Amino acid sequence: MNFQKSSEAFECAQSCIPGGVNSPVRAARAVGRQPLFIARGEASYVWDIDGNCFIDYVCSWGPLILGHAHPEVLAAVIRTAQDGLSFGAPTEQETLLAQELCQAVPSLDKVRLVSSGTEATMSALRLARAATGKKLIVKFEGCYHGHSDGLLVQAGSGALTLGVSTSAGVTTDIAELTLVAHYNDTGSVEALFKTHGDQIAAVIVEPVAGNMGVVLPQERFLHTLRSLTKEYESLLIFDEVMTGFRVAYEGAQGHYGIHPDLTCLGKIVGGGLPLAAYGGRAELMELVAPSGPMYQAGTLSGNPLAVAAGLATIKQLGEPGFYESLQAKTAQLALGIKEAAARCHLALQVNHCGAMLSVFFCEGEVRDYESALRSNTAHYAQFYRAMLKAGVYLPPSQFEAWFVSATLSQCDIDKTLHYASETFEAMQDQA
């Protein structure tokens, strides 16, 4: 494949955009190459500006569960755009989307629409402090909850890809308000509560981690978080920006039967446009301005185009058999990749949940941050580059989830597994 136009576009971008990208992991440094510049997408495919076509497992980092340019989503956005792009005033569609979210996600009585996942998690933590009068937050190493200052401590996602645990510019005073526990290690959480329980406002967690690669919660882990937060009168916050409507229609909380106090949603709820939400029990949400004293605002919150895309997307997700089909595709991919690696005697683990999966080039189960870091990132980079040349577009980082869309066909899956097998064979020969 020829990537000349992408290379030229990246050189131009670097002259006026830091690192040439508007979100760090897009730079593809972790896989030893430059980024693709995408021209268009349709169903399960994207085309770059050089005209190369790829089966897409990035899906705009998760939102495009219906695939690219879904006709009903596009139609809804176009209809809405014809009436105006933004008003900074309430619209009826905002209420409809809020009702859909509250009906779908078990713990939601009320929600506030915002524009990004970072804004949702930041606001939920502020609300937790307002509700409890406490100042400390517990998060888990390897989990990423956006780029607000207090959460860039032992963070996953791009921060993990770039090999840093705390961002420059995050002061010690702010970092000290965040306590870090080990994912899937209930003992580490219990120890923090024993020492700081009277000061902990909330525990925030990805119920299925997706920002150190996909890591599933071990048995009783989430239940223990629920019982501890109740015992110490703290709040439990589920960051379902990634897992909401992707693990299951009712989110990971419905899948695992846990009701958090607050939930953060994003990605899919905007149907591919910038939109997110946070919500929870009515008495908590009534603390949010203008009903209560916890201030949060946003000029483009509830933007009509994003709301229209979100509503059109969620409507499709409620169709009978939608998630069963999507989960079957993901499971087939996961099993096929694992079997192909085994035939080549490559150490490879595959974690998957709902319509998310990750591969880890290592021995042994990947169940937390430490075991995720055992993965051979050089092997992943080699795998990424080979798959890209074959026409399969994967996340340009070992520590990001793959996303499966409903438009992924059996032919797409067969091609992906065929190219993965060929790549593993080549890696075996080079070993």
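Everything below is about the structure shown above.
Everything numeric in this text was worked out from a predicted model, so none of it was measured.

Some words on helix α7 (residues 186-196)
Every buried residue of α7 is listed here: S188, V189, L192 and F193. One side of α7 holds all its buried residues, which, seen down the axis, span an arc of 135°. Exposed positions of α7 whose direction lies more than 90 degrees from the buried face are K194 and T195. Each element contacted by the buried residues of α7 is listed here: β5 (136-140), β6 (178-181), β7 (200-205) and α8 (221-231). At the N-terminal boundary of α7, the capping side chain belongs to D185, with an oxygen 3.1 Å from the backbone nitrogen of G187.

Regarding the sheet that holds strand β2 (residues 45-48)
Spatially, four strands are ordered β1-β2-β3-β13 in an open sheet, and the strand pairing comes out mixed. On the outer flanks of this sheet lie β1 (38-42) and β13 (392-393), each paired with one strand and no other. Bridge count for β2 against strand β3 (residues 53-56) is three bridges, and the pairing is antiparallel. Paired with W47 across the two strands is C53, which belongs to β3. Each of β2, β3 and β13 touches helix α15 (residues 410-430); the most contacted strand, β3, lies at about 100° to it.

With respect to the pairing of strand β8 (residues 235-240)
Buried residues dominate β8, accounting for six of its six residues. Of the two faces of β8, the one lined by L235, I237 and D239 and the one lined by L236, F238 and E240 are each fully buried. Across four bridges, the pairing between β7 and β8 is parallel. Paired with A202 across the strands is L235, a residue of β8. A crossover connection joins β7 to the parallel β8 through α8; in handedness this β-α-β unit is right-handed. Relative to strand β9 (residues 262-265), β8 runs parallel, the two being bridged by four bridges. What sits directly across from D239, in β9, is C264.

Thresholds applied
- Residues numbered from 1 in each chain as written.
- Predicted model: local features only at pLDDT ≥ 70, side-chain atom pairs only at ≥ 80, totals over all residues.
- Heavy atoms only, no water.
- Buried < 20%, exposed > 50% of the residue type's maximum accessible area, 1.4 Å probe, protein only.
- Helix = DSSP H or I, 4+ residues; strand = E, 2+ residues; numbered from the N terminus.
- Arc of directions from axis to C-beta.
- Contact = heavy atoms within 4.5 Å.
- Polar contact = N/O pair within 3.5 Å; in protein donor to acceptor, adjacent residues only side chain to side chain.
- Pairing = 2+ DSSP bridges.
- Axes fitted to C-alpha atoms, helices over the stretch in contact; angles between N-to-C directions.
- Right-handed = clockwise from strand over helix to strand, strands pointing away.

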